[in-house]
Amino acid sequence: MFVFSFKASKFRILFAVVLCAFIAFAAIVLLPETEHSVTVNGVQFDRKIRFDGMKTTEDLAEFAENLGFSVDAAPIETVNVKLPTKFDAVLDKYNDIQKSQGFNLAKYKNKEVVRHSFRVTALPDEQSLPKEDVLLTFILHKDKIIGGDLFFTGDQKVYPFLK
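Residues numbered from 1 in each chain as written. Predicted model: local features only at pLDDT ≥ 70, side-chain atom pairs only at ≥ 80, totals over all residues. Heavy atoms only, no water.

Concerning the packing of aromatic side chains
Logical step 1: Overall, the coordinates contain four aromatic pairs when judged by the stated rule.
Logical step 2: Ring centres of Phe 51 and Phe 103 lie 5.6 Å apart, and the angle between their planes is 80°; this geometry places the pair in the edge-to-face category. In this pair, Phe 51 is assigned in the loop between strand S4 (49-50) and helix H2 (57-66) and Phe 103 in the loop between helix H3 (89-100) and strand S7 (112-122), connecting sequence segments 52 residues apart. Across this residue pair, the class does not change: Phe 51 and Phe 103 are buried.
Logical step 3: Ring pairs connect the aromatic residues Phe 51, Phe 63, Phe 103, Phe 118 and Phe 138, which therefore count as one cluster.
Logical step 4: Sitting over the ring of Phe 87, Lys 109 keeps its end group 4.9 Å from the ring centre. (Phe/Tyr/Trp six-rings, centres within 6.5 Å; stacked < 30°, edge-to-face > 60°. Helix = DSSP H or I, 4+ residues; strand = E, 2+ residues; numbered from the N terminus. Buried < 20%, exposed > 50% of the residue type's maximum accessible area, 1.4 Å probe, protein only. Lys NZ or Arg CZ within 6 Å of the ring centre and 35° of its normal.)

Describing H2
Logical step 1: Among all positions of H2, only Leu 60, Ala 61, Phe 63 and Ala 64 are buried. For H2, the angular spread of the buried residues around the axis is 155°, confining them to a single face.
Logical step 2: On the buried face of H2, the contacting elements are S4, strand S5 (70-71), S7, strand S8 (134-141) and strand S9 (144-152). (Arc of directions from axis to C-beta. Contact = heavy atoms within 4.5 Å.)

Observations concerning a nonpolar patch on the surface
Logical step 1: On the surface, Phe 11, Phe 15, Leu 19, Phe 22 and Ile 23 cluster together into a nonpolar patch covering about 580 Å² of accessible area.
Logical step 2: Among the secondary structure elements, Ile 23 is positioned in helix H1 (residues 10-30). (Patch = residues over 30% accessible without salt bridge, like charges linked within 9 Å, V, L, I, M, F, W, Y side chains within 5 Å. Areas by Shrake-Rupley, 256 points an atom, 1.4 Å probe, with all protein chains shown as cover. Salt bridge = Lys/Arg side-chain N within 4 Å of Asp/Glu carboxyl O.)

Fair warning: the whole summary comes from geometry, so function is off the table for now.
If you want it as structure tokens, here you go:
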């Protein structure tokens, strides 16, 4: 059996408090940023936008509204997906779109993600909607948006929703 004793002087207690405060300050400063400045269709947002805390589909619809998109309140599709450990050519190309927006799905290889797709009812800056459906998709990992895209069903092409 081991017995340890510790005699605390006022100096040691003060040193411990200062050390804990320094560690807490360093952790706050060094934590990854959850807010980012974004550009949507060439328009730079003056405020930073949070990509975390997306607990409900209403949060995602509100996020889309903050970017200037009007979407149906309920997603047309919600799918759980496990990202593969190795990306094929299609996923590499899709991840290039994500990288152009400041996202990188490669960080989430072999993880479960959720993909929500919303029907867009109005584009930012009063751009006219095409005749085909436009879908806005968000990819989430643990309540944080880690990717997304705009999909025009007529030309079957995927575009970034940011930048």
